[in-house]
Structure formats: C-alpha cells, structure tokens
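Commentary on secondary and tertiary structure
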Amino acid sequence: MTRALLAGLLLLTLTGCERAPPVHQHAFFALGTLVEVSVADSDPQRASRAAEAVEAIFREDHQLWHAWHPGPLMDLNRALAAGQGAQPHPSIHYLLERAAPLAERSGYRFDPAVGGLVRLWGFHADTPPEGPPPDADALRDWREHKPSLADLYWDEDQVFSRNPVLQLDFGAFAKGYAVDQAIARLRALGIDNAIVNAGGDLRAIGRRADRPWRIGIRHPRAPEVLASIAIEGDESLFTSGDYERYFEHEGRRYHHILDPFSGQPATGTTSVTVLHTDATTADAAATALFVAGPDHWQEVARAMGLRHVLLIDTAGVAHLSPAMAERIHFETDPPPPLRLSEPLP
Ligand code: ADP
Ligand code: MG
C-alpha cells in the first residue's frame, strides 16, 4: 500500500469510528500523492463545490511546479542552466519569495536549489529509482559548485543564478504551499471546518462538529499508527520520512531527503513531524529538521520558530519538544523510548 493511501486510511480510521455528522469527502491524485479534502458543512452542495475548487488548485499547481514534466518550472530551470535570466510564472515567483527566508533560517538544510542533486540520485521520476547511487565524480562536481537559493538574484522581475548548476525543485514544500492555498480558498467560499490532507500531510481548520479532528502519525517502520494528535482551530501537521521514496542497494537504504552539504541522503533520522500554523512552514521545516538530524534539530527548530516537533531517529528513539509531548498520544504498546528536549521558545 502506498504511504498516501495508508495515510488516508489513518485519518479515516481515527475520525470515523464514532458516530458523527456527515463529512463531505473528495479525493484525487496530484503533486505525486493522494489528496483528500474533508469538509464538515451543513450545506452539502457548498461542501462539494468547495472540495472541487481545491482539486482545481492542486491540478494547476501540479502542472506549474512539476520538476521533471514540461511546464513553467522546467522552462525556468532550462534558462538558469543556460546562464540566462527569466521571468518566472507568478506562482513560482511567489514560491521563491516564500522559500528564501525558510531556507536561510534552516541554515540551507532546506534548499530548493538541490534540483540537480535530486536528479543525480534519480528521484526526478514518476516511480522511485532502483539505484545504484550516482557516480562519485558527478556528486563531487555538484558539491564543488554547491548551489544554494542564495545564489539567485533579481533584476526587476527577472531572476538569474550566479551558480551554473543551480536547478530548482520545490518538492520539499510545494505540498505545504498548495495546502495553504486550498485552505484560503475554502475559507473564501465560506467553509469553516475542513481538512486538506495531501498524503498524510495536512492542515485542518475548525473542528469536526462537536469534537476536534484526530490525526494519526504513521510509524516509520511498520504499517501502523505510531501516535495520534487532536487538532482544532487552525493547524498543520507535516511529516517527512525516509520510507516515502527510496531504493535499496547492497543492503543500504537511499532515500529522497538529501543533505545539501554532503550530497547524500540525510542520515540519523527516519521521520520528522512538525505541527505549525501554516503548512508551507511545516513542510519546509519537516525536511530541514530531517536533514539536521537528532543532534542539531533543536537549533534549526528555534531558528525556524517552531514549538511542536517529533523526530524519530534511526535507533527508534522519539525526540520531542515539551510542547509536542503535551499534545501527542503514542498508540504503540510499549511507546518508543522518549527523549524530551529543552522547551522551544
Ligand atoms: P515528502 O514530499 O515526501 O513528504 P519532503 O517534504 O521532505 O518529503 O520533500 C522531499 C522532496 O524534496 C524530495 O523528493 C526532493 O524533491 C526535495 N528535496 C530533497 N532534499 C531536499 C532538501 N534538502 N531541500 C529541499 N528540497 C529537498
Ligand atoms: Mg517537506
């Protein structure tokens, strides 16, 4: 079962087991994942129209931001590779504006300038690659150039790169941004209670009639729920895991979250879950903290203004911020070994 399907089931299992008023559900594939829109609204027609508006947003984003299918992002990457400036599509312009401070605060652990590296590892493909890992010379060459979002500069509305190997890939936060756009549209259409769930990463607004939304967090190494959390008001929950897209070669797992400094899949972590108000930040942060790993996640979380973090390391230890520990309920028996951090301000 794909992670997206499993994530959908987790959500349904946790929200659907008790008697509840009807929730309009609408599901479709976009941005490489199963997207499920759940709208709790007294007017079924309004709920269904709103869910379809969300689908339209995701479909458009999918086309605009695809890193390896023809479209505006490929056009921009082609221009940058040729050393030319280009006027990006407005939505790409906006993504770049959102990405810049997030990348900087993360110490460039989250850095959408890694497109060339993602391609070298073979993750620019509709199905995960089979390996082997890329050629050492090609990786060394990329590391010697070490492109970063800080290499971009603007001249009026044209963007240029100082670095010839800089290629953009928005995979680490595009889903988050699409979810934020979707919630804004739902609100504009008069919806107060909804979840937009993109493959287990989601933002919820309002509540599910008389109680909060209950969300499951997937166990990174077993097809079961590791923990659950009640979400109410307006919050986003995003997880990055090494089980999402990976290949195995000579007994080692090579996954799709790359450390821009080593050029290799980030080590030490199996999953990171971030709870935050906006989904764009939560998505970028989950990737950044995954790269930071068990020894450095706290400094990156502080720099990115996070309070609620759960990181599962490769030994299965759950590292948590105190605020996350207050919210989360572990569902496994026994729960994983816990390591509580200092409070994040
Ligand atoms: P998922 O989308 O599977 O939930 P992430 O949000 O962590 O996982 O995004 C991973 C994707 O982001 C990769 O497939 C790749 O396209 C891109 N990527 C990988 N490493 C980085 C990084 N360090 N910074 C920015 N983007 C990255
Ligand atoms: Mg992410």
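You'll find the structure just up there.
In this report, the structure presented in the accompanying data block is examined. Since the structure is predicted, the reported quantities are computational estimates derived from the model, not experimental observations. In this convention, every chain numbers its residues from 1, walking through the sequence in written order. Chains and ligands are labelled sequentially in the order written, the chains with letters from A and the ligands with numbers from 1. Only residues with pLDDT of at least 70 are given local features in this predicted model, and only at 80 or more are side-chain atom pairs given and counted; all residues enter the totals for whole chains, interfaces and linings. The basis for every side-chain value is the complete set of heavy atoms in the structure, and neither hydrogens nor water enter the calculation.

Overview of helix α2 (residues 44-65)
Filter applied, for reference: Going along the chain from the N terminus, every DSSP run of H or I of four or more residues is numbered as a helix, and every run of E of two or more is numbered as a strand. In this analysis, the expected span of each helix is defined as 1.5 Å times one less than the number of residues it contains. Using a 1.4 Å probe on the protein chains alone, a residue whose accessible area is under 20% of its type maximum counts as buried, one over 50% counts as exposed, and one in between counts as partly exposed. Throughout, a residue-residue contact means that at least one pair of heavy atoms, one from each residue, lies within 4.5 Å. Pairs of N or O atoms are called polar contacts if they sit within 3.5 Å, as long as, within protein, a hydrogen donor faces a hydrogen acceptor (for residues adjacent in sequence, only side-chain-to-side-chain pairs).
Taking 1.5 Å per residue as the helical rise, α2 with its 22 residues ought to reach 32 Å, and the 32 Å between its terminal C-alpha atoms agrees with that figure. Buried within α2 are the following residues: Ala47, Ala50, Ala51, Ala53, Val54, Glu55, Ile57, Phe58, Asp61, Leu64 and Trp65. For α2, the secondary structure elements touched by its buried residues are β1 (24-30), β2 (33-39), α3 (72-81), α4 (90-105), α7 (174-188) and β5 (194-198). Capping of α2 at its N-terminal end is provided by aspartate 43; its side-chain oxygen lies 2.9 Å from the backbone amide nitrogen of glutamine 45.

Some points on the coordination of the magnesium ion (ligand 2)
For clarity, the cut-off: The rule for donors is simple: an N, O or S atom within 2.8 Å of the metal counts, and for Na, K and Ca the reach is 3.2 Å. Water is not among the atoms, so a site may look short of donors.
For the magnesium ion (ligand 2), the full set of protein donor atoms is Ala172 (O), Asp283 (O), Asp283 (OD) and Thr287 (OG1), and the range of their distances to it is 2.1 to 2.4 Å. Here the donor residues for the magnesium ion (ligand 2) map to a single chain with the spacing A-x110-D-x3-T. Of this pair, alanine 172 sits in the loop between β4 (158-161) and α7 while threonine 287 sits in helix α8 (residues 279-303), and the two are 115 residues apart along the sequence. Overall, the relative accessible area of 10% leaves threonine 287 in the buried class.

Side note on the sheet that holds strand β15 (residues 328-330)
The condition that has to hold: Two strands qualify as a pair provided that DSSP identifies no fewer than 2 bridges between them. Fitting a line to C-alpha atoms yields each axis, with helices limited to the stretch in contact; the angle taken between N-to-C directions then spans 0 to 180 degrees.
Spatially, β7-β8-β15 is the arrangement adopted by the three strands of the open sheet, whose pairing is antiparallel. At either margin of the open sheet sits one strand with a lone partner, and together these are β7 (213-218) and β15. The sheet shows a mean angle of 25 degrees between the axes of neighbouring strands, taken without regard to direction. As defined by bridge partners, strand β8 (residues 225-231) adjoins β15 across three bridges and the pair is classed as antiparallel. From the neighbouring strand, alanine 227 faces β15, where its bridge partner is phenylalanine 330.

Some points on the nonpolar core
Threshold: Only buried residues count toward a nonpolar core. Its members are Ala, Val, Leu, Ile, Met, Phe, Trp, Tyr and Cys residues joined through side-chain atoms within 4.5 Å.
Grouped together as the largest cluster of nonpolar side chains are 68 residues, with contacts concentrated most on Phe58, Leu168, Phe170, Val196 and Leu289. Examining the composition of this core, we find that 13 residues originate from one element, α8, more than from any other. The residues touching leucine 168, leaving out its near neighbours within four places in the chain, are Leu73, Leu76, Asn77, Leu80, Leu96, Pro112, Ala113, Gly115, Leu149 and Leu152. Listed in part, the 21 residues of the second largest apolar core include Ile229, Leu320, Met324 and Ile328.

Things to note about the site of ligand 1
Spelled out, the test is: One heavy atom within 4 Å of a molecule or strand makes the whole residue count as near it. Note on areas: Shrake-Rupley with a 1.4 Å probe; residue coverage comes only from the protein chains shown.
Ligand 1 sits among 21 residues. The nearest are Arg109, Ser240, His256, Leu258 and Thr287. Between ligand 1 and aspartate 169 there is a distance of 2.9 Å, counted from an oxygen atom to a side-chain nitrogen or oxygen. Here an oxygen atom of ligand 1 sits 3.1 Å away from a polar atom, N or O, in the main chain of alanine 172. Computed on the free molecule, ligand 1 has an accessible area of 570 Å², of which 94% lies beneath the protein chains in the complex.

Focus: the packing of aromatic side chains
Selection criterion: Think of it this way: a Phe, Tyr or Trp ring, Trp meaning its six-membered ring, pairs with another when their centres are within 6.5 Å, and the plane angle makes it stacked under 30 degrees, edge-to-face over 60, tilted otherwise. We call a charge positioned over a ring when the NZ of a Lys or the CZ of an Arg lies within 6 Å of the ring centre and within 35 degrees of the ring normal.
In this structure the tally under the stated criterion is 10 aromatic pairs. Taken together, a centroid distance of 5.2 Å and an interplanar angle of 65 degrees make the contact between phenylalanine 110 and phenylalanine 173 edge-to-face. One end of the pair, phenylalanine 110, is in the loop between α4 and α5 (115-120); the other, phenylalanine 173, is in the loop between β4 and α7, with 63 residues separating them in the sequence. Judged by relative accessible area, phenylalanine 110 falls into the buried class, the value being 1%. Among the residues examined, phenylalanine 173 registers a relative accessible area of 0% and is labelled buried. Connected via pairs of aromatic rings, a cluster forms that spans Trp121, Phe123, Phe247 and Tyr254. Its guanidinium or amino end placed over the ring of tyrosine 246, arginine 253 lies 4.1 Å from that ring's centre, counting from NZ or CZ.

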